Amino acid sequence: MDRRTLLRLGGAGLVGTLAGCGGSGDDGPSETRVAMTDDLVFDPKEVTVAAGDTVVWETTGSVAHSATAYEADLPDGAAYFASGDFESESAARQAYPDGSVGSGETYRHTFEVAGEYPYFCIPHESGMRGTVVVE
C-alpha cells in the first residue's frame, strides 16, 4: 500500500469517527431556536420539544420583541416564562420595554412540564403569537 492510499484510508476513518461527535442526539437535552423577525412573526410559529429541552428565541432583525407566556393557559404545574424573567404576565406587560429582546439578542427557557405553552410578543400581540408543545 502506498502512502497516499494509507493517508486516504486513515483520513476517512477519522472523518467517520468524528461524525458521531458533538451532536445532541438522544443523550441529553437539546435547544430549539425560534426567530423573532421584522415581519412580526415567530419562525417557526409552533415548535415541539421534549421535557427538559430549551427553546431559544432570537431577534433576527432590527425590531425588538418579547417572548411572553399567556399565564392563564399554561399547563398545571408549569413555570411561568417571559423574556426579562418576570414572574407573571401582568408584571411583564407593565414593565415593557424591560424584557425586550433586541437585535441579535436571545432569551431562553427550559420546559419541564408536558403540555402546550401559548405565548406572544407584547408590542406585536395582535399578530405575533406562537406555541411551544412539550411532549
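Predicted model only: the values in this text are computed from it and were never measured.

About the criteria used
- Residues numbered from 1 in each chain as written.
- Predicted model: local features only at pLDDT ≥ 70, side-chain atom pairs only at ≥ 80, totals over all residues.
- Heavy atoms only, no water.
- Helix = DSSP H or I, 4+ residues; strand = E, 2+ residues; numbered from the N terminus.
- Contact = heavy atoms within 4.5 Å.
- Areas by Shrake-Rupley, 256 points an atom, 1.4 Å probe, with all protein chains shown as cover.
- Buried < 20%, exposed > 50% of the residue type's maximum accessible area, 1.4 Å probe, protein only.
- Pairing = 2+ DSSP bridges.
- Polar contact = N/O pair within 3.5 Å; in protein donor to acceptor, adjacent residues only side chain to side chain.
- Core = buried A, V, L, I, M, F, W, Y, C linked by side-chain atoms within 4.5 Å.
- Salt bridge = Lys/Arg side-chain N within 4 Å of Asp/Glu carboxyl O.
- Phe/Tyr/Trp six-rings, centres within 6.5 Å; stacked < 30°, edge-to-face > 60°.

S.K.: Please explain the overall build of the protein chain as it appears in this structure.
M.R.: Each helix and strand in the protein chain was counted, giving two helices and eight strands. Moving toward the C terminus, one meets the helices and strands of the protein chain in the order α-β-β-β-β-β-α-β-β-β. For the protein chain, contacts bridging at least 24 residues in sequence account for 61% of all contacts bridging at least 6. Of the accessible surface of the protein chain, which amounts to about 7,800 Å², a share of 49% is contributed by carbon and sulfur atoms.

S.K.: I would appreciate a short explanation of the pairing of strand 6 (residues 106–110) in the present structure.
M.R.: Consecutive side chains along a regular strand alternate between the two faces of the sheet. Side chains of strand 6 alternate between two faces, with Y107 and H109 buried and T106, R108 and T110 left unburied. Here five bridges tie strand 4 (residues 54–59) to strand 6, and the two strands are oriented antiparallel to one another. The partner of T54 across the bridge, within strand 6, is T110.

S.K.: Even after reading the chapter, I still don't get the sheet that holds strand 2 (residues 42–43), so can you show me in this structure?
M.R.: Think of a sheet as strands paired side by side through backbone hydrogen bonds, with each pair either parallel or antiparallel. With respect to topology, four strands assemble into an open sheet ordered 2-1-4-6, the strand pairing being mixed. Of all strands in the sheet, those bounded by a partner on one side alone are strand 2 and strand 6. Sheet analysis places strand 1 (residues 31–36) next to strand 2, joined by two bridges and oriented antiparallel. Residue M36 lies in a different strand from strand 2, and its bridge partner there is F42.

S.K.: Is there a simple way to think about the environment of E105 in this case?
M.R.: In this fold, E105 is placed in the loop between helix 2 (89–95) and strand 6. Along the primary structure E105 and T60 are separated by 45 residues, whereas in three dimensions their C-alpha atoms are 8.2 Å apart. Discounting chain neighbours no more than four positions away, the residues touching E105 are W57, E58, T59 and S100. Of note is the side chain of E105, whose polar atom sits 2.7 Å from the backbone nitrogen of G102.

S.K.: Teacher, can you tell me more about the nonpolar core here?
M.R.: Most often, soluble globular proteins have nonpolar side chains that are buried together. Counting 28 residues, the largest nonpolar core has F42, V55, W57, F81, F111, Y117 and V132 as its most contacted members. The set of elements that each furnish at least two residues to this core consists of strand 1, strand 3 (46–49), strand 4, strand 7 (115–120) and strand 8 (129–134). Beyond its immediate chain neighbours, meaning those up to four positions away, W57 contacts V34, M36, F42, A67, F81, E105, T106, Y107, H109, F111, Y119 and V132.

S.K.: I would appreciate a short explanation of the pattern of salt bridges in the present structure.
M.R.: Any two side chains of opposite charge can pair if their charged atoms end up close together. Taken as a whole and judged by the stated rule, the model has four salt bridges. A salt bridge links E58 to R33; the nearest nitrogen and oxygen atoms lie 3.1 Å apart. Within this pair, whereas E58 is found in strand 4, its partner R33 is found in strand 1, the two being separated by 25 residues in sequence. Of the charged contacts in the structure, one is a salt bridge between R93 and E89, with a shortest N-O distance of 2.9 Å. With R93 and E89 both in helix 2 and four residues apart, the pair spans about one turn of that helix.

S.K.: Would you take a moment to explain the packing of aromatic side chains for this structure?
M.R.: Each aromatic ring pair is characterised by the separation of its centres together with the angle its planes make. All told, the structure shown has 10 aromatic pairs when counted by the stated rule. Counting every residue linked through ring pairs, the aromatic cluster contains F42, W57, F81, Y107, F111, Y117 and Y119.

S.K.: Help me out: how do you make sense of the pairing of strand 3 in this one?
M.R.: Here strand 3 shows one buried face, formed by V47 and V49, and one open face, formed by E46 and T48. Two strands pair when backbone bridges link them, and strand 3 and strand 8 are joined in this way by four bridges, in the parallel orientation. If you follow T48 over to strand 8, its bridge partner there is V133.

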